[in-house]
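Chain by chain, the residues:
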Amino acid sequence: MNAIKIALCQMNVVDNKSQNIQKAIEMIENAKKQGADMAVLPEMFNCPYENDKFIEYGESFTNSETLNAISKTAKKLEIHVLAGSIPEREIKEEGESLYNTSIFFDNEGKILGKHRKMHLFDIDVKGEIYFKESDTLEPGNDFTIIKTELATIGIGICYDVRFVELSRIMALEGAEILIFPGAFNLTTGPAHWELLFRSRALDNQTYAIGVAPALNKEANYHSYGHSIAVNPWGEVIEQAGFEEDMKIIAVDLNEIRRIRNELPILKNRRSDLYEINRKNK
């Protein structure tokens with residue numbers, strides 16, 4: 001399959017898990033009605049973006065209200081779904097761990113893979129914003145490149161997009177589309193959101209997609225929104241605003257091959273002088 005329609009579901013996340021799940025289902029249904037092959041939900045789509053809410057809303061994969069609902073929806077509608085992320089609980093011998101985890105479902109509702117956020121968002125911009133995910137969350141250690149019937153997809157979460165090595169490794173391992181569910185804020189969003197997605201797409205000659213929660217002014221954390229899709233030439237092909245919205249984009253995998261042939265950046269790397277390797281392959 002060379003032409004793919006992807007829905008960027010910029011939903012408004014509230015302090016009510018059931019309402020968030022229902023909203024996500026409604027947006028996936030709307031995406032399917034508009035012919036989408038895949039729907040992408042935002043980071044922490046079932047949960048307000050706050051450390052205490054991560055703990056309160058956390059779910060184990062063995063009994064997840066959220067993931068069970070998304071799986072059933074994907075199967076019913078026969079649509080692939082990247083379930084943004086949720087706070088994932090895991091019981092270990094030494095105690096309980098909490099992760100920021102994204103899950104990819106195929107169009108039969110089966111989990112093809114998951115990504116635990118590798119780089120935790122610990123930020124202190126003086127006079128603007130302070131947030132420390134590491135107060136509650138642990139980082140994931142695995143690269144996530146999923147080969148699907150639609151395309152090969154590399155997955156990161158929000159802050160992961162800032163780390164050029166991650167995207168480059170995913171591209172070198174075959175990723176054609178890089179997707180980062182994210183929730184940039186009103187300080188970092190206007191400054192860096194579009195720039196980062198254009199850079200990752202241009203660096204790796206892939207599509208780069210970011211899907212965020214809408215701006216909820218009643219929440220403690222204010223998401224920048226502006227869900228975005230960028231083509232392999234580094235051009236923004238779609239971008240939302242602050243409000244709840246859904247954008248449908250067309251991804252042409254032939255465009256990746258054409259651009260890589262015309263401007264062979266990946267082939268022209270001087271791997272005799274430098275290289276990037278992942279350690280846990």
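Provided above is the structure to which this section pertains.
Predicted model, so just to flag it, every value in this text is computed and none were measured. Throughout, residues of each chain are indexed from 1 in the direction in which the sequence is written. Per-residue local features are limited, in this predicted model, to residues with pLDDT of at least 70; the limit for side-chain atom pairs, both in listing and counting, is 80 or more; totals at the level of whole chains, interfaces and linings are taken over all residues. Side-chain metrics rest on all non-hydrogen atoms present in the structure, leaving aside hydrogens and water.

**Focus on the environment of Val40**
Our working definition: The helix and strand labels rest on DSSP assignments: H or I over at least four residues marks a helix, E over at least two residues marks a strand, and numbering proceeds from the N terminus. Per-residue accessibility, obtained with a 1.4 Å probe over protein chains only, is compared with the maximum for each type, and a residue is labelled buried under 20%, exposed over 50%, and partly exposed between these values. It only takes one pair of heavy atoms within 4.5 Å for two residues to be counted as in contact.
Mapped onto the fold, Val40 is located in strand 2 (residues 38–40). The exposure class of Val40 is buried, given its relative accessible area of 0%. With 170 residues separating them in the primary sequence, Val40 and Gly210 have C-alpha atoms 8.9 Å apart. Among residues more than four places away in sequence, those in contact with Val40 are Ile6, Ala7, Leu8, Cys9, Leu82, Ile179 and Val211.

**Notes on the pattern of salt bridges**
Any two side chains of opposite charge can pair if their charged atoms end up close together. What counts is decided by this rule: Whenever a carboxyl oxygen of Asp or Glu lies within 4 Å of a side-chain nitrogen of Lys or Arg, that contact is scored as a salt bridge.
Counted by the stated rule, this structure contains 20 salt bridges. Across the salt bridge formed by Glu88 and Arg116, the nearest N and O atoms sit 2.8 Å from each other. Placement of the pair is Glu88 in strand 4 (residues 80–92) and Arg116 in strand 6 (residues 111–116), with a sequence separation of 28 residues. Considered together, Glu88 and Arg116 belong to a single accessibility category, that of buried residues. A salt bridge links Glu255 to Arg258; the shortest N-O distance between them is 3.9 Å. Here Arg258 and Glu255 lie together in helix 6 (residues 253–262), a separation of three residues that amounts to about one turn. Among the residues examined, Arg258 registers a relative accessible area of 41% and is labelled partly exposed. Ionic contacts of the salt-bridge type, sharing partners, join the residues Glu88, Glu90, Lys114 and Arg116 into one network.

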